[in-house]
Amino acid sequence: MSNKVLNREPYQQAYYPPAPTGFTRYMRTSLIWQTIRFMVINIKMLRLMAKSKH
Amino acid sequence: MSRIVILGAGIAGHTAARHLHKMIGKQHEIVVVSPNPKWNWIPSNIWVGVGEMQEDQVTFDLAEIYRKTSIQFHQARAISIHPQGGAESDKPYVTVEHTLAAMGGKQENITYDFLINATGPKLNFGATEGLGPEHGHTVSVCTASHAVEANHKLQRLIEELRKGKAGTIVIGTGHGMCTCQGAAFEYIYNVDHVLREAGVRDMARMVWISNEYELGDFGMGGVHITRGGYVTNGKTFAESLMVERGIEWITRAHVKKVEAGKIHYEKLDGTFHEIEFDFSMLIPPFAGVGLKAYDKAGEDITAQLFAPNGFMKVDADYTARPYAEWSARDWPRTYQNPTFKNLFAIGIAFAPPHMISKPMQSPNGTAINPTAPRTGMPSASMAIAVAHSIRDMLNGADQPTHHASMAEMGAACVASTGANILSGTAATMTVYPVVPDYEKYPQTGRDMKLTFGEIGLAGHWMKFLLHHLFIYQARLKKGWSWLPD
């Protein structure tokens, strides 16, 4: 028996949320891009902490 | 010389202790009372729970650290607070019971000039029949030893999956009034990650179960972030991640009972359901640790100091109001008890004025809604504010000088979704403020410049860095006070 999907049930839980494209998934572990994001996240967190101090 | 007694040595208590020690340790006496001999970096327990770390990588011996300082450490459980003193003296004191085996459960009264209650939560597994690792059928990652046991059971399941036996894994919250969904959220993705690495992911059905109204609520009423030209609710991204990893989800659920291999739950619509499992990690609800309070005559004044859930009343506005009238202004700023001005409660130990998420009830009267989170970064911020206020009050200030309202502070959450230095990822989320303020930020209640989220390897590096940074800092190693809390 073939496992080939001929049609897909639409009205299921997994049908609606957005799915990442291949490019998005690649960028999540791209060393160059993630190094930049690491620096950006650090800056954002430091700004958050600065604003939280009273 | 004054004495400051701190009950609890978790993130809040230990942070208060080290800051007080740094500021006033030479002039005043600082006493820490904790029933646990070890400090635990709880956010990394999820890695112990999947075998990526060992217990000793997330814990250290408190007595050994405090020996390097002038902080006195009592391995003991606080039993009662006597804020007016007793028959013999007006000096306030706390009664503790030693938990070190050599002390044989000896009780002792410790007098104080200032008291910080940072006792954290009682893990209330008893609220749901059959819940928890000790008397139930589910595992937990709330303590390092629980996480070790969780990993043993997970590895056994992986062996079964390797042999070709299909299995169901259910992870989430074990009661309708739980908080701390984030820990379960991290754990389910780390379990997914190790199953993939073991090559058995296709043998396991994975199900998320929680008391959230929608995914991504996290007890903060959800969060909006700006992405792709839209201000979008975090639910969209949380659902996307679940679908991407092939995880089903059940929300608006109150787990009523757990039997061996079967969870019984009620949904917000009042219907009852069951789900069978081979491995389940469910977070318990939290309660106060059961501290009592007595006045000078020995009369029980627990209800005056504590809310019915056992958390200590502070400077919050506890007036009961409908959800539409809740305000950011209700949340405490100084964490000082309104009756006894030398008494403070921080971290999970303080009584929130109300939840952040909207209260919900099933037609059967069952409350199904996440309670307010107050762990991690907010706990440390409260501890630092209270430490500074006490320093200033010892120097003559007549009231607390520092504040750390959850409606005026941000929080960062880095939720691991797989631990690997090159292929791991984590969801990084920051939110400002934790409690939405719709007067300041009418659209979403939050500052959209400081509220963001993204998934990637950088998040994993961040989580790994924070693990080492916070343990280094908590161990009071050289230069700890220069590091961010």
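Residues numbered from 1 in each chain as written. Chains lettered and ligands numbered in written order. Predicted model: local features only at pLDDT ≥ 70, side-chain atom pairs only at ≥ 80, totals over all residues.

Visitor: What am I meant to see in the overall build of chain A here?
Guide: Counting its regular elements, chain A contains two helices and zero strands. Projected onto its principal axes, the C-alpha coordinates of chain A cover approximately 65 × 30 × 15 Å. Of all 54 residues assigned to chain A, the portion counted as buried reaches 13%. (Helix = DSSP H or I, 4+ residues; strand = E, 2+ residues; numbered from the N terminus. Buried ≥ 20, exposed ≤ 12 C-beta atoms within 10 Å, placed from the backbone.)

Visitor: Sorry if this is basic, but what is going on with the overall build of chain B here?
Guide: Counting its regular elements, chain B contains nine helices and 24 strands. In terms of C-alpha radius of gyration, chain B reaches 22 Å, essentially the compact-globule figure of 23 Å for 485 residues. Principal axes of the C-alpha set define a box for chain B whose edges measure 70 × 50 × 45 Å. The 485 residues of chain B split such that 55% are buried. (Rg over C-alpha atoms; globule rule 2.2 N^0.38 Å.)

Visitor: How should I be thinking about helix H9 (residues 457–474) of chain B in this particular structure?
Guide: Since the α-helix packs 3.6 residues into each turn, any two residues three or four apart lie on the same face. Residues and elements named next belong to chain B. In this model, H9 (18 residues) spans 26 Å end to end at C-alpha, consistent with the 26 Å of a helix rising 1.5 Å per residue. For H9, the full list of buried residues reads Leu457, Ala458, Gly459, His460, Trp461, Met462, Lys463, Phe470, Gln473 and Ala474. Downstream of H9 by a residue or two, Leu476 has a phi angle that is positive, lying close to 55°. (Expected span 1.5 Å × (residues − 1).)

Visitor: I would appreciate a short explanation of the sheet that holds strand E24 (residues 452–456) of chain B in the present structure.
Guide: In any sheet, the strands associate via hydrogen bonds between backbone groups, in a parallel or an antiparallel arrangement. Residues and elements named next belong to chain B. Strand order in this open sheet of three strands is E22-E23-E24, and the pairing throughout is antiparallel. For this open sheet the edge positions go to strand E22 (411–416) and E24, each flanked by a neighbour on one side alone. Between one strand axis and the next, the sheet turns by 10° as a mean value, whatever way the strands run. Against the sheet, H9 contacts E22, strand E23 (426–431) and E24, and its axis sits at roughly 75° relative to E23. (Pairing = 2+ DSSP bridges. Axes fitted to C-alpha atoms, helices over the stretch in contact; angles between N-to-C directions. Contact = placed C-beta atoms within 7 Å.)

Visitor: Help me understand the pairing of strand E11 (residues 204–209) of chain B in this model?
Guide: Here is the key point about a regular strand: its side chains alternate between the two faces of the sheet. Residues and elements named next belong to chain B. Burial analysis of E11 places five of its six residues in the buried class, the great majority of the element. Pairing between strand E10 (residues 167–173) and E11: six bridges, direction parallel. By the bridge assignment for E11, Val170 is matched with Val207. Handedness of the E10-helix H5 (residues 181–197)-E11 crossover: right-handed. Sheet topology note: the E11/strand E14 (residues 247–250) ladder contains four bridges and is parallel. (Right-handed = clockwise from strand over helix to strand, strands pointing away.)

Visitor: Help me understand the interface of chain B and chain A, please; the structure alone is not making it clear to me.
Guide: Interfaces are frequently sized by the accessible area removed from exposure as the parts join. Listed as interface residues are 31 residues of chain B and, on the opposing side, 20 residues of chain A. Elements with a minimum of two residues in the side of chain B that touches chain A: helix H6 (234–244), E14, helix H8 (377–394), E23, E24 and H9 of chain B. The element best represented in the side of chain B that touches chain A is H6 of chain B, accounting for five residues. In terms of residue class, the side of chain B that touches chain A is made up of 15 nonpolar, 11 polar and five charged. (Nonpolar A, V, L, I, M, F, W, Y, C, P; charged D, E, K, R; others polar.)

Visitor: How should the environment of Val33 of chain B be read in this particular structure?
Guide: All names here are of chain B. Looking at the element boundaries, Val33 is found in strand E2 (residues 29–34). Between the C-alpha atoms of Val33 and Ile11, which are 22 residues apart in sequence, the distance is 14 Å. Residues within four places of Val33 in sequence aside, it is in contact with Val5, Leu7, His74, Ala76, Ala78 and Val96.

Visitor: How should I be thinking about the confidence of the model for chain B in this particular structure?
Guide: It should be kept in mind that the predicted coordinates are not to be read in detail where pLDDT is low. The predicted model of chain B has a mean per-residue pLDDT of 95, with 100% of residues at 70 or higher. On the interface metric, ipTM, the complex scores 0.89, and its pTM is 0.94. (pLDDT = per-residue confidence, 0-100.)

Visitor: For this particular structure, what's the right way to read the nonpolar core?
Guide: Note that soluble globular proteins tend to have their nonpolar side chains buried in a common cluster. Ile6, Ala16, Ile116, Ile188, Ile346, Ala383 and Val386 of chain B are the most contacted members of the largest nonpolar core, which has 157 residues in total. Contacts of Ala16 of chain B, omitting those with residues within four sequence positions, involve Ile6, Ile116, Ala118, Ile346, Ala383, Val386 and Ala387 of chain B. (Core = buried A, V, L, I, M, F, W, Y, C linked by C-beta atoms within 7 Å.)

Visitor: Quick question: what am I supposed to make of the packing of helix H1 (residues 11–24) of chain B against H8 of chain B here?
Guide: Two quantities define a packed helix pair, namely the angle between the helix axes and the distance between the axes. Residues and elements named next belong to chain B. Here H1 crosses H8 at 35°, and the two axes come no closer than 8 Å. The two elements H1 and H8 meet at a crossing, and its hand is right-handed. Contacts between H1 and H8 involve Ile11, Ala12, Thr15, Ala16, His19, Leu20, Met23 and Ile24 from the first element and Ser379, Ala380, Met382, Ala383, Ile384, Val386, Ala387, Ile390, Arg391 and Leu394 from the second. For the contact of H1 with H8, a count of residues per class yields 14 nonpolar, three polar and one charged. (Left-handed = near helix turned anticlockwise from the far one by under 90°.)

Visitor: What is the right way to read unusual backbone geometry from this model?
Guide: Most peptide bonds take the trans configuration, and most residues that are not glycine carry a negative phi. Residues and elements named next belong to chain B. The residue after Tyr432, namely Pro433, is reached through a cis peptide bond having omega -10°. Positive phi outside glycine occurs at Cys180, with the angle close to 65°. Inspection of the secondary structure assignment puts Cys180 in the loop between E10 and H5. In this structure Cys180 comes out as buried when scored by C-beta crowding, with 25 C-beta atoms within 10 Å.

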